[in-house]
Every structure is written in C-alpha cells, then in structure tokens.
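# Descriptive structure summary
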Amino acid sequence: MKKYVYIIAGLIFSAGFFASCNYLDIVPDKTEDISLLFEQRESAYRALSTCYHFLPNHDGVYANEAMASDELTVNFFQGTIPGRDIMRGQQSADDPIMGYWNDTWMVVRTQESMWKGIYACNVLIDNIDHVYDMTEREQAQWKAEAIFLKAYYHFLMFAQYGPIPVMDTNIPIDAPAEVMRVHRQPVDSVVSYIVNTIDKAINGGLLTRITSPVEYGRVDQVIAAAIKARVLLFAASPLFNGNREFYENFTDNKDQHLFNLEYVPEKWLLAAEAAKEAIRFATDNSLKIYEYDTIQNPVKLVEDFKYFRNPRYLNEIQADYNYRFMFYDPWNSETIWGDPYPTLMRSALYFSLQAASMPMNNTATNNEAAWNWAVPTYEATEAYYTANGLPVDEDLSYADKYANKFKLTRALEADTLHILYRELVPNIHQGREPRFYASIGFDRSYYRIWGTKWTLESRFGEKNGRKTMSTKDYSLTGYLLKKPCHPSSDGSNYNRLIVYPWPIIRLGELYLSYAEAMNEYYGPSQEVYDALNTIRSRAGIPDVDQVWSDAALAKNVNKHTTKNGLREIIRQERRIELAFEGQRNYDVRRWKEGEKYFNIPVHGWNTDKPAMMDYYNNQQGPIAVMPRSFATPRDYFQPIKNDELTNNSNLVQNPGW
Amino acid sequence: MWFLPTIFLAQGSLVRGVVVDVEGTPLPGVSVSVKNTTKGSITSIDGKYAITGVNANDTVAFNYVGFDTQEHLVGNQQVLDIIMLESASELEEVTVVAFQKQKKESVIASVSTINPKELKVPQSNLTTALAGKIAGVISYQRSGEPGQDNAEFFIRGVTTFGYGNKPLILIDGLESTTEDLARLEPDNVESFSIMKDATATALYGARGANGVILVTTKVGKRGKMTVSARVETNISTPTKINKFLDGVDYMEMYNTAIRMRHPEYPLYYSKDKIEGTRMGLNPELYPNVDWYHELFKGYVQNYRANVSASGGGDVAQYYLSVSYTNEKGLLKVDPLNNFNNNIDIDRFNVRANIDFNLTKTTKAALKYYALFDRYNGPASDASGIFTSVMNANPVSFPKTYEKPDNFPFVKHTLFGNKGDGRADAVNPYAQMVNGYRDRFNATNQAQFQVEQDLSMITKGLNLRGLVSMNVTSSNQITRRFVPFYYGMIERQTDEGVQHELKLLQEGTESLTNEISNGASSSFYIETAAQYNRTFDKHDVGGLLVFYMREGLNEIAGSNVLSSLPVRNMGLSGRATYGFDKRYYVELNFGYNGSEKFEKDKRWGFFPSAGLGWTVSNENFYGYDLKQVLSLLKFKVTYGLVGNDAIAAASDRFFYLSAVNINDGGKGYTWGEMYNQSYNGYSINRYANNSITWEVAQKANYGVELNFFDKLNVQVDYFTEQRNNIYRAFEFIPASMGLTAGLSNNIGKAFSQGVDVASDFSWSVKKDLWFTARANFTYATNVTLANGEPEYKYAYLSRIGQPINQQWGYVAERLFIDEYDRINSPDQFNKRSAEEGGYMPGDIKYVDVNDDGKIDQNDQVPIGYPTVPEIIYGFGLSSGWKNVDLSFFFQGSARSSFFLDPNKIAPFIGERNALEVITKDYWSYENPDPYAFWPRMATYEVPNNSVPSTWWLQDGSFLRLKSVELGYSLKDNFLRRQGIVSARIYFTGNNLFCLSKFKLWDPEMGNNGLGYPTQRVYNIGFQFTF
C-alpha cells in the first residue's frame, strides 16, 4: 500500500517535467496576415476597397464642405457642425476641425487621415503582382487606381495645407526617427508630384471609361484627367501662383521657401490645356452637359405636367428640371466621378446633407429624415442672376426691383412656376434665373418635395417656420436648401430618401475651369464665351456675350470683353453653377477673396417673428444672424495639429497658426 | 480531557468556565493552569474547562499560542469565563509565504498579514475592506453599485505605467480574479497576506511584479463538530445625494443663463410656463419632475447568512461552509411593468475543505468551492441611470403621460419626451424601466492535493503535488422594449396656444431579448519539494516548485489569436538559512515562461536575496532593554521580479502582426446601385519580435519592533525601479500613415515609499481589554523614460513626473470685464468668435510659456496624481465584560481629480442643474472673479471645459469607516441549550467623512454622478454550537 502511495506521489511530482518544451508554443499556423490578402483576386478586393475607403464623404452633413463657406449654415442649437464651426472662427491648431492630416472626428464618423490612405495605396501597389488569379492587365489597372488615389489624397491635403510632405513610398517602421520626420515640400514640387503621378496612372493601366454598372465609382482615365485639370487650376490660381503677398517669408527649417514667389502665367496655360484635354476625354466617352429628357424620364410631379405642355412655361420648367436633375439623376451624362458610397448607404449613418436640408412635413407621422436645418445664407441667394442672366445689380431691367430689393410686392404671373401668385414677397426674390428657384426655397415660394409641391410658409409658428423658441430644427436664415433634395424624397424615413451619387467632379465644372484658365492666360475670347454658354444654355439664360453686349440690359455694357470684367463674370458663373457642391470654400481661397466673402456675418430673415413685417425686418433687409471670422492669411490654410509639430520637428506650421 | 465535576476532591473547590476569543468563539486547547501547582487542564472543543481543588488565593493562568497569557486570582468565584486577546507580538506564529509557511521570526521578506476578522464588512465585497487595514495597500472605491462596487487596489501604489498594474491574487494557491477576491467570505479565511518585496514575490517570477495577495481558507480541526452561524441584515443608503434645482428655479436660471450670453435672445421659458409650474397647474403641461426621487429609493435592505461546520477524526477532518447573500439596488420598479428592473442579487457561496490522512506520512486534501450568483437588474447599466438624472431636466416632460381619452386602444406606457423634437431627449425613467437583465454566474473549483513526508529518506523532506480546475460561466439575458415616446405639441392657433399629445417615437409593444453566454476555465498543476531542518543552531530550508497553468477562453475577443489559451509555466526555488535565531539569509529565484513572447524572449529569470538580523536575540542585547524593546529586527531584501501583463490581454504574440483582413469598418462600395460592397483590412499592430518581460528591481529595508510585548511596529522603506515597460513611441508622425502605434520595452519608472503597521493590545483586567491598530502607506513614483516626443517646453514632459500625474491649464481667475478679456492673451484662438468663444466671467488662464496665446503648450502638471499617494487607517477595539466596542477610521491623502464641467455644466442640451452650482456663479450682479462657476451658458463653452486648476479638486478625506458595538451572551441557559456562545452586534459603515470636497463623496472622484457609495447600518447575530 505504502509503495503505491510513493509511486503516486512521485508521479505527480514528476508530471511537471513531462510537460514538453512546446507547452508555451500555442500559436497555430494560418493566422491572419497582410500577405493573405494578395493571394487571390477575391481577397485582393479588400485591399483595393481599403484604398478607396479614405475618400471623403462629401454628402455627409457633418463632413460637407459647402458648410465651410459662405453658402450654407446651421443654427446654433444644433451642436457641433464642423464646417459651420470653422466659419465661426473656431478652428484651432490644438484640435483642428475637418483637417485631413490626422484622423478627424466628424460628429458621427471619423474621417481617417489621408496619410493612412496613402499607406494603403502603397501597400497595394507593392503587392498586387502576387495575386495569382488576376491577369496582368487587371493587376495594372488596380495598381493604376491605387496610384491615382495616392495622388488624389495628396491633392486633398494640398488643397487644405498647401505645401505638404510627399509620401511616394511607405517608410519602414524600423526606420530611424529622423527618417520618419519628413519635410514639407514646396508647392511646385507637390503639384508636379501629383500631376506626374496622375499621368502615371492614366498611362499605366486605368481603363478609359468604366462602363460596367457594377464598377461605377471606380477610377478611370476620364476621372483622372478631370482631377488633373482641377489640380492644375489650383496650382495656377493666385493663392498658389506667386503669392508673395502672403508667403514671402514662409520658409521651413532648411530656409526653403514653401511657396513660389514669382507669378508664372504659363501655369494657366497648363490648366487650360488640361481642362480642354479632360473635356475631350469626357466627350469622347459620350459624356455631355445634362438635359432633362421628358421622354426617357417622365415628369415625376403631376403639378408640373401642365407647364411642360404650355409653350409659355416650357423653357423655364425645362431649365429648372435640367439643373435640378443634373444634380440628383443618378449616374447621368454629366457625372464624371460620382460617389458610389453615399452617406445614405453607409452603415447606419444617415446623416446626409439631403436629410438635413429636407423640410419637415407637419402632417407626416414621422420626420426621421427631414431635419429642416441645413440652410442657404442670404449671401448665397443674392449671387444668383436675374432671369436675364445678369447679376442683380447689373441688370437695367431689374434696376427698379434692385433699388427696392427688400420691399414687399405681390408676386407676378411671370414667377408663377416658383412663387405663390399674388403673395407679398421681397422684390429680390422675384424675377430671378431658373437656377435660383431650383436651389433656394423661401417664404411663399414653391418647393417640390415629398413627392408633391408645397408652398413654403416660413414665418415663426407657421407650417415651415420655427415652431417654438425651443425648436432646434429650424432654418436660421428663413431659407431652405432645395439643391440636394430630390422631389420624390420622402422625409418620413431614411429609406424613402432618393439616393444618388454625389458628384465628386462633373463635366460642368470642367467648362468653367477651362473658361477661367483661358481668360487668365489669353484674355477674353470666343472660346471662353462658348464654354460659359454651354453652362448657361442648360440653365435657361441667354448667352454671356449676348446679354453683356446689350446696352439696354447690362449696366456695364461689354464688361465681358475685358479680362478683369470677364474674370468677375466667370467667377460669379462658377459660384452659381457649383453652388452647395463643396467647391466654393476652395475657390474663394484660391482667388484670395477670403476677406471679402468669409469675413462678413451671415444674414437671414427674422425667423423668431410671426408677423410678416417683423419677419422681413420692416423691409430693411435681412439681419445678421451669425458672426463669421476669417483672418488673412491664417485662415487660407488648415493648421497642422500641434501634436504633429511636436512629433515631427522638421515640420513648420502654416503662417498665423 | 474533560474533568467531570462528579469526581470529588477533598481540598479546595471547583472552578470552571468557558474560554472564548473577542468575538465569542470558543477556543479549544487553551492550557489552564494553577500557578505554582501542578494542577491544570486544557479546554475542550467548545472552550470549556474545569479545575478542581483550587483555593481562593490561587491564581489561574490561561495560555494559548498566539494569544496573550492571562492570570486571574480565583477569589470566591466558581465560574471564570475568559476572553482571550490575540497577542500583538505574535499574531501568527507562522507566516504564509510563497508556496509554503515560514516561522514568523525567520521571515525577512516584506509580508503584511491581517487578521481575517478585520476584513468583515457589512457589504458583501471584501475588496472594500482593504483600505487602511493593511500596510502597503493603496485602495479606493469609486462606486456603490451592488455587484459593481469593487475597490481599486494596488500594492505599494502604482509602480508601472504599463498595462498591468494589478497584484496577482492567489486563493489557496490558485490565480484568481478580483471578482473572486471580492466574493470571498471573510468567515472562511484562515490567513490573508500581502507580499510586497522581491523575496516575497520572486517565486511568482513573471507575475509577481505588482505584488501578490495570498489567501488561504480554513481547514478542519480534529475534534467534535463545531457549528458557527452568522445572520446579518443591513440598511444601505447613499452617503450623499446630489441635489438638483426644482422646475421653477430651473427655468428661471435657464432664462438667466441664456441672457448671460445673449441679452438679445427671447426668453426660452415663457412667463406662462414658469407661473403655471409655480402654481402646480396640470403636470402634463407644466411638469416639475424630481428625477432623482422619481427613480430611486432612499434606502434598501440586504441580508446575509453564513453557516460553517468543522471537525473530524484521525482519518479525515472537514471544514464546510455555506453562505447566502441578498443585495438590492436603489432603483424603483415601474408599477406598469410586472418585471423587476431593480438590482436584486442572490448569491450562494459553498466551500468544503477536507483533509485525509492516508498513511502516517501521506496526506491528501480535497477542496471544493462554488459561487452561484443570480443577478437581476435593469437592462442598461445602473450607474448610467444615475448619471442620466443629470441629463434630464425637471420641466421638459413628465416621466409618463396619462392615457388620454382619445387613445382608447393604447396598451403601452406613454413615456414623456420633448414635444418638439425627434424624441432625442433622455428620459431616465424610460431608460430605467424599459427592461431587465437576468444573469447567472457560476464558479466551480476543485482542487486535489497530495503531500508525502519523506523523512524516511532524509528528515525534513517532503513532496507535494496539486491539481486544480476551475470553471466560470455566465449566462445573461437582457429583455427590453423600445419605449413609446410622447410629447406635448404646442400649436399656435387663432384661439391661442393649444396643446396636443403626440406620438414622437414608435416603440415596441413586446420585449426583445439579447442572450450572451460565456464560460472560461483554467487548469493548474503544481509540484513542490520542500526541505526544512534544524541542526543545532542552524536552520536550513529549501524549496523547489514547478507549476504550469492554462486558461481557456479567458480573453474576450473573436479572432483566432485571442481565442488561444493563456499559458504560464515556471520553476521556482528558495533556500533559507538561519543561525541561532539571530542571522537569516534567503535566496530565491523564479524562472518563468509566458506564451506571449517570441521563442527567444519567452523565458525570464528573476533572482532575489535577503538578509535579516534579530538584534534582540544577540547576547549583548541586555535584559533591561528587552523588557522595553522586546523585539528588534532588521531586514534587507533585493531582487528582480517580472510582469508579463505588459499589454491588454488580447494584445499578445508581439512577434506577430495583428491584422484584421476582413474589416467591415474599412471597406468601400461601388456600383450603380451602391451595392458592390467589399470589406477592407486593418493593421492593428506591427510585428516586433524583440518584445519581452517588464522587470521590476525591488529593494526593501525593514525594521520590526516590539515594545513591552504590547506594541508591535513594523516599518518598511522600499524602492522599485521598473524597467522594460511596454510603451508606444509617441513621436511617430501621422505622415507615416500607420494605423497602429509602434511600441517597445522602452518605459522606465521609479517608485519608493514607506509602509508602517502597528498594533497594540492590552488586557487591563480580566474583563477589560483594548486593542488598537494603525497602518500607514505612502507610495510615490516618477516616470523615468517613456516614448514621448521632444517637447518644446520642459514642463510638458512626463519624465520626472508621477505616473498618474494630470496636466492642465493654470486658471488665474474669471475675466473681470471686456477690457480684461481683450487685453489678455488669446485663449484657444477663440477670442474673436462670439459663440464658442469666451466672455467676461469665463476662465482666464495663465500664459505659461509667455507666447501671447493660450494653447496646449500652456498645460503644466497640476495637483497630485489620481491614485492617492497616502492611505492610512487606525482603529480601536475594546471590551468590558460582555460588551465590546470598536471603531475604525480610514483616510486617503495626496490625490486629486478634476470635476468634469462637460458632465455637470447645467443647461447644456437642457441638462439638469446641480443646486450648488447655482449658488455661486459669476454674473454682472455678482462679478466675483473667483466664483465657483463661471458665466452661465446654455451651450458648451469650450474655454471653460478644458482641464484646469479651476476644476481641480483635492481627493483627500478621512472617514469613519466603521463602528461596531457587540454584546456577547455567556449565559448558562444558552449553554444548556447547546449554544456555546452567542453575540449580537450593530455595525455602522461610512458614517461620516471629513473632506474639503463637498459636492459628493470624495472617494468617488470624478464619478460623482454614478451610483453613490453607501452608508450601511447593520445588525448581526452570531452563534456557535
């Protein structure tokens, strides 16, 4: 008996030593590793989608760039709205708003750093050749897409920060700290890197045009050429081209000037040629300026049938539909690069500009997707032309109205498509061009929405006005934004909003860019007029050279024949045509007009007043409803986060921050 | 053993009685002797004794190991009941050290032990009893929520800024969780010790760097069965309740606040609404809700019971224990629901320890432990419900609406919400009653042990083997419904303002359920050879231990790497040598492996050594001196201890990269219909095969003193340098494009401190006794190296600062006026903006670097660390005849915390308002630049919510932790019923607290809006049969 006990005891004691040395070796083979992505085409898709993942979410209300300009705004009661907060002067270098350099919190999602996107592109470029079940042609195409995206991510940061470091290849993680501390490259090197890289993508394997519907949204040569035109336009613009005024003393820690100090007019030529080339690429691939086709695309609203049948209204209703559906008719002939991943399709984040702009429906049981608070500023509305296609202060036939622009008069038959007949509205809301009515909703105007046609009643306590003082969902300015809201969208539920790809770049912009660059380099020419007229004829207004040379209409007759005059005309045309599309915040900056446009308060009607006269401020014009702040030259560029400057002592902060 | 009184002896009389300890538990085996005679006896299993032939002038002496000897003159007493006091000097003859026991006199490691009775608290959470009771433990409790009220505790403070800073907890030798320790029944604890220095923890090598808590449970004693029972019930109530404004004051203050920033704005709350509320008109139109009292009860009653039995014969001895606890929360239950949404915990704790003597030299032991925890509670976290009271205001809506006549078919409750919004306001009541959670947690643990005495080979040698298994499972079902929210819609009509109740958010009529189940298990083997022998004056000892442990499913997470087991193995040893009870030497080592590291970096060797010198045993130590200072002992130890918990549990295998190659959050979508979706990938860690152990170099210098055999003092000074702390390189620029940080063993920290334990016991007469204890722990630390960037300003660097140091701005005062504001440095680029900017009455900061603007670079280290540097406690117990009284104070010092203005600033998003804030704030009427609250606002003022000295609070406090009054029944009647002893006692916990911070219980720190810490009034009965 005793012996057995010894044996048992002995066995237990020695059990430990039987344990093999492999006891701690527990990691099996086949754990996840990056290389697994590049074995098969199907898994390589995940590497490719990660390259695209970093593209900004333009139609998200919290990421929207129109909000960071003088076009759109939101009342104070809605918490953080990054764009609006920048415009109110809340940008800071400690915690930058909307900057692409670091991960940025956009209230409902994080916009990840563009550097991470660049890293992902480089990973794909380095590894895609290992995938065994892809053809070389396809590998080349994917690689070219990643190359293009890398360039585009650099460009997005270039637009925000100006001179940036160039990360053409990934720095190894075991590199010495000094290698990791990259320098900012001068503007010209950044531009030439971006342009060369786009060229590499175009020549390296991008498809000419993506035609397969399942691949809509992927990059092709038409897209790349269009973006290249945008890059060169930026590079030629006053902010980046010989900006001695702002950046004469802006150097880095090697005493290198980060901005070129000499104006080079040939940059405009490059921009013009690139725009022309991009237009050619697009039109060769059957893209054209969008026009609403009532045969293929029956009119959605019963209320509008009669206008299409009445020759008296046909042109105007056609122009109205042209412009509106150009924006939200999915994948139409003008969409060069549509965002195939709109906010409404993103996982459970429905915070789209469309929902934020949708007017509330008091009779609906639910207004889940109609928030009623992303609204145009008065400044944005005044920029639109008169029905003659002239600025409101230049049109002699509008002079009476303009002189009493805030006076309330009864709406005329001429505006019956857009304003409730015989209602009292300010003169400035009457007799305007179709794009104005297509984009802006105001008191007593019609709004085609929720599948029907409404008359907006916007004063305090009214149907579309602010309901009580504790209402958060109201228009700060009294205006409502129509442009992103599809007439068939139903705000009772996110699923009933019409989804469309936000145009990242569209053909209309290329004509405007071409016109601008041509005028800057050569001065006025028929080619410039033609480019502008392409846009204007779709918008239902007379040709530029026609109205400006008509002494009976234009106050400054023949303004279009001088370079400076035409420049103003082009800029205003661009402001109107691309309004609320997220271009203006960059346009104003590259034209160095921040002080002029971004440093004045937002104006709007007095939405706290139920009485008509109070609402219209006793016909004295809109009141200041929100302060704005813009410091020159500080606010031309984003601040680099202070932490990043601490981590990388080779970086210099942008001036003023 | 039992001298029957029937045996008559001619001379003298019979003296008999019962010997018990302070708590009335009978003490068997106490030697009872009549001085200067040979007469004597030993107490029986129930503590009784009887001696015959005792004269009136005889003195009877009572002797028991570990207790003070007592002598009593017999006089004419026939019954002499004795309360024995545990001796201060030799609380334990033996001390439990790593893997074995050592004679206390020979221990040179720094080990604190505590009498398990000290751990009895009326809350059923043992971790709450640690603060101030044990020298060397830094502890604090942030929440009073039943089931979630574990205290945080650190041995000798926080000594690393790496991931793992928690001590290793071993219960009966098995690695256990904080939760296991919290649920331990103090009645079952035999010994509780804290291992602090290198020699004490070296044998645990890889796991001992943060100190070790070692608990052993009681085992059976040979003899007749003894049954002990304890029944307690208590009333638990918050130590402090936050006071909020009532509706009328709220609205008036809100209107004031809006006008403070925007004088031109219309009033937010109309006069009509305020007056209606003041007059108490229709509460659906003019709600005035006191959310706190609508949601929570003032107190709650809890129950506890514990029964244990112990005894046995020569072959087997047993200790069996069963306890039951019932704890409830303060949440009210909605009468409209038939389920219980309050916290209601039933807990059963079972322990059976059985020892067998298989042969004369072979012993076996079987230990079984089970914990069953049945939890019922709200669907969402209870602490969150307390917090949400802050986010609802009294006037927006009532908690529910009465069902109006025009809603005849509505069956659901009409929960209130803001009438004009999208039902996005917080209704705490709806949040509380919208469901309930059922959870069943079970822990089952079995341990088998064999011990073989090998004296036949060589004397003093024995072998031991142990196998243990543990399974913990948790099944949780949350059932909840989505509330239907209704609101009063205001309509402007020709007849004036009309109100109409409207559905704002569709809810669900039925409950949904979410099930989450999980189980984890562990397996542990330990074998040890032990040798102990005394040769004349030489005491020699040796120990060699091998162990391995595997834990399955211990790591939360779904990927393959986190699903792999956790494994540890090690070989440890100790050699001790003592000479003549004067000189002691000890050498230890731990050689440990962990699965976490690359093959070459997997094993760590951790040696340590110590020296001890008992001066009071030297020949030159005089007799007179010994009468005063009866013990004087010095000890020094030094060594290395490791830590493999260098990163989060799921962050292992540092030599592999952590990649999610199918990450839904990184994908993109293409296609005409936006449906060609592909997931992406993410890199969460870059591979690095040089990562290895964190290592602590610990040194301890101790002295033990004993004065007059009554006062025992132990003082330790320690230093520790922690090297190889796994730490991120923080200076990696974002332009690298990395999606995860880069880390390595680059951190270093140094800590030092003192811990002092002293106790005193004095038995004045046979009926009157005192014991006192005092503990003091001071631990401070400093960061020596971390991966921080090169800061432009030295004060931004964390090097040279305590590990838990906080940084913030230095608030000078509030801006006095516009002139002051304009002429001060610009703060956060916000001066120019109206909204979101700052105004007179907002906080003015000091431009530390004098660059004309206030930004991140103006933050300096402010205040003390978040973890207190000093924890202390002191208490006194005394007894007179049947009555005993004790109290214990506990304190904490040198800690700071920030009030978080983002959580408590009133009116933001129509948030509730704490009364104290509205009593002292800046206004044009009261432009006090040092008012408690800056200029009011109804939106967040970022200028004021940055961490700054303005919000810094002193976290120190001194509280009366417990008071206990007991009465022991030592009645013959009881004894005839078979009840050996009985005691009734009253306990009060957390009765009062002294602190500079007045808003809430300072121990809660910045968690003051959570579940409040509890004050407990307890009554208990204790019996022994």
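Residues numbered from 1 in each chain as written. Chains lettered and ligands numbered in written order. Predicted model: local features only at pLDDT ≥ 70, side-chain atom pairs only at ≥ 80, totals over all residues. Heavy atoms only, no water.

## Quick notes on the overall build of chain B
Within chain B one finds 13 helices and 52 strands. Rg of the C-alpha trace for chain B: 33 Å, near the compact-globule value of 31 Å for 1025 residues, within the 12% margin. With 1025 residues in all, chain B has 58% of them scored as buried. In the structure as shown, chain B presents an accessible area of about 40,700 Å², 56% of it carried by carbon and sulfur atoms. When the 99 positive and 110 negative side-chain charges of chain B are each reduced to one mean point, those points stand 7 Å apart. (Helix = DSSP H or I, 4+ residues; strand = E, 2+ residues; numbered from the N terminus. Rg over C-alpha atoms; globule rule 2.2 N^0.38 Å. Buried < 20%, exposed > 50% of the residue type's maximum accessible area, 1.4 Å probe, protein only. Areas by Shrake-Rupley, 256 points an atom, 1.4 Å probe, with all protein chains shown as cover. Lys, Arg positive; Asp, Glu negative; His and termini not counted. Charge placed at Lys NZ, Arg CZ, Asp CG, Glu CD.)

## Concerning the side chain of B:Arg983
Residue and element names in this part refer to chain B. Relative to the elements of secondary structure, Arg983 occurs in strand S51 (residues 981–995). Its relative accessible area of 4% is what places Arg983 among the buried residues. Among all residues touching Arg983, those that are not within four sequence positions of it are Glu23, Asp884, Glu964, Gly966, Tyr967, Ser968, Gly1020, Phe1021 and Gln1022. (Contact = heavy atoms within 4.5 Å.)

## Quick look at the pattern of salt bridges
As enumerated under the stated definition, the model contains 103 salt bridges over all chains in all. Taken together, the salt bridges that share partners define one network made up of A:Glu334, A:Glu433, A:Arg435, A:Lys483, A:Arg506, A:Arg536, A:Arg538, A:Glu573, A:Glu577 and A:Glu581. (Salt bridge = Lys/Arg side-chain N within 4 Å of Asp/Glu carboxyl O.)

## Topic: the nonpolar core
A:Phe148, A:Leu149, A:Tyr152, A:Tyr153, A:Phe158 and A:Trp337 are the most contacted members of the largest nonpolar core, which has 222 residues in total. In terms of residues, this core owes the most to one element, helix H5 (residues 136–161) of chain A, which gives 15 residues. The contacts of A:Phe148, once residues within four sequence positions are left out, are A:Ile198, A:Ala201, A:Val219, A:Ile223, A:Ala224, A:Ile227 and A:Trp337. Counting 91 residues, the second-largest nonpolar core is a separate cluster that includes A:Val602, B:Tyr250, B:Phe898 and B:Ala931. (Core = buried A, V, L, I, M, F, W, Y, C linked by side-chain atoms within 4.5 Å.)

## Let's talk about the interface of chain A and chain B
On the side of chain B, 91 residues touch chain A, which itself brings 95 residues to the contact. Between chain A and chain B, the buried area comes to about 8,300 Å², and carbon and sulfur atoms account for 63% of it. The interface formed by chain A and chain B contains three salt bridges. Here chain A and chain B share 20 residue pairs in polar contact (both at pLDDT 80 or more) between them. Those elements that place two or more of their residues in the side of chain A that touches chain B are helix H1 (2–18), helix H2 (41–52), helix H4 (114–127), helix H6 (177–180) and helix H24 (642–647) of chain A. Element by element, the count of residues in the side of chain A that touches chain B is highest for H2(A), at eight residues. Tallied by class, the residues present in the side of chain A that touches chain B amount to 53 nonpolar, 22 polar and 20 charged. (Buried area = accessible area lost by both parts, 1.4 Å probe. Polar contact = N/O pair within 3.5 Å; in protein donor to acceptor, adjacent residues only side chain to side chain. Nonpolar A, V, L, I, M, F, W, Y, C, P; charged D, E, K, R; others polar.)

## Some thoughts on the pairing of strand S16 (residues 212–217) of chain B
All names here are of chain B. The buried fraction of S16 is high, at six of six residues. Side chains Val212, Leu214 and Thr216 project from S16 onto one buried face, and the interleaved Ile213, Val215 and Thr217 project onto a second face that is buried too. For strand S13 (residues 168–171) and S16, the ladder comprises four bridges, and the chain directions are parallel. Bridge pairing in S16 places Leu168 opposite Val212. Sheet topology places strand S15 (residues 189–195) next to S16; six bridges connect them, and they run antiparallel. Pairing of Met195 across the sheet is with Val212, part of S16. (Pairing = 2+ DSSP bridges.)

## Some details on helix H8 (residues 221–236) of chain A
The α-helix advances 3.6 residues per turn, and as a result positions three or four apart in sequence lie on the same side. All names here are of chain A. The end-to-end C-alpha separation of H8 is 22 Å, in line with the 22 Å expected for 16 residues at 1.5 Å each. The buried count for H8 comes to 16 of 16 residues, which makes it a mostly enclosed element. A distance of 3.2 Å separates the backbone nitrogen of Val222 from a side-chain oxygen at the start of H8, and that oxygen is part of Asp220. (Expected span 1.5 Å × (residues − 1).)

## Description of a nonpolar patch on the surface
Residue and element names in this part refer to chain B. There is a patch of nonpolar side chains on the surface, built from Tyr577, Val585, Leu587, Leu611, Val636, Tyr701 and Tyr717 and spanning about 610 Å² of accessible area. Checked against the element boundaries, Val585 lands in strand S31 (residues 583–594). Val585 gets classed as partly exposed once you look at its relative accessible area, which sits at 34%. (Patch = residues over 30% accessible without salt bridge, like charges linked within 9 Å, V, L, I, M, F, W, Y side chains within 5 Å.)

## Side note on the environment of A:Ala414
Inspection of the secondary structure puts A:Ala414 in the loop between strand S6 (408–410) and strand S7 (424–426). For the pair A:Ala414 and A:Thr561, spaced 147 residues apart in sequence, the C-alpha to C-alpha distance is 31 Å.

## Side note on the confidence of the model for chain B
Caution is warranted with low-pLDDT regions, since their predicted coordinates should not be read in detail. Residue and element names in this part refer to chain B. Confidence in the prediction for chain B averages 88 pLDDT; 97% of positions are at 70 or higher. Below pLDDT 50 for its whole length, residues 1–10 participates in ten contacts with residues either more than four positions away or in separate chains. Scoring of the predicted complex yields 0.81 for pTM and 0.93 for ipTM. (pLDDT = per-residue confidence, 0-100.)

## Section: the environment of B:Gly1010
Residue and element names in this part refer to chain B. With respect to the helices and strands, the residue Gly1010 is situated in the loop between S51 and strand S52 (1014–1024). Given a relative accessible area of 4%, Gly1010 falls into the buried group. Along the backbone, Gly1010 and Ser388 are 622 residues apart, and their C-alpha atoms lie at a distance of 8.9 Å. When near neighbours in sequence (up to four residues on either side) are disregarded, Gly1010 contacts Ser383, Phe386, Thr387 and Met1004.

## Things to note about the sheet that holds strand S6 (residues 70–73) of chain B
Residue and element names in this part refer to chain B. The four strands lie next to each other as S3-S2-S5-S6, forming an open sheet whose pairing is antiparallel. Looking along the sheet, the strands with just one partner apiece sit at the ends: strand S3 (40–42) and S6. On average, each strand axis in the sheet is inclined to that of its neighbour by 15 degrees, with strand direction left out of account. (Axes fitted to C-alpha atoms, helices over the stretch in contact; angles between N-to-C directions.)

## Things to note about the packing of helix H18 (residues 526–539) of chain A against helix H20 (residues 563–577) of chain A
Residue and element names in this part refer to chain A. Between H18 and H20, whose axes approach to 11 Å, the crossing angle comes to 30 degrees. Judged by the angle between their axes, H18 and H20 are roughly parallel. In the crossing of H18 with H20, the sense of the turn from one axis to the other is left-handed. In this structure, H18 uses Val528, Tyr529, Leu532, Ile535, Arg536 and Arg538 to contact H20, whose residues at the interface are Leu566, Ile569, Ile570, Glu573 and Glu577. (Parallel < 35°, antiparallel > 145°, perpendicular 65-115°, else oblique. Left-handed = near helix turned anticlockwise from the far one by under 90°.)

## With respect to the packing of H2(A) against H4(A)
All names here are of chain A. One can describe the packing of H2 onto H4 by two numbers: an axis separation of 8 Å at closest approach and a directional angle of 150 degrees. With respect to H4, the axis of H2 lies roughly antiparallel. The two elements H2 and H4 meet at a crossing, and its hand is left-handed. Of the residues in H4, those in contact with Ala47, Leu48, Thr50 and Cys51 of H2 are Ala120, Cys121 and Leu124. For the contact of H2 with H4, a count of residues per class yields six nonpolar, one polar and no charged.

## Overview of the pairing of strand S8 (residues 94–97) of chain B
All names here are of chain B. One ladder, built from four bridges, connects S8 with strand S9 (residues 100–103); its direction is antiparallel. Across the sheet, residue Val96 finds its bridge partner in S9, namely Lys101. Where S8 hands over to S9, the hairpin turn is made up of two residues, of which Phe99 adopts a positive phi near 65 degrees.

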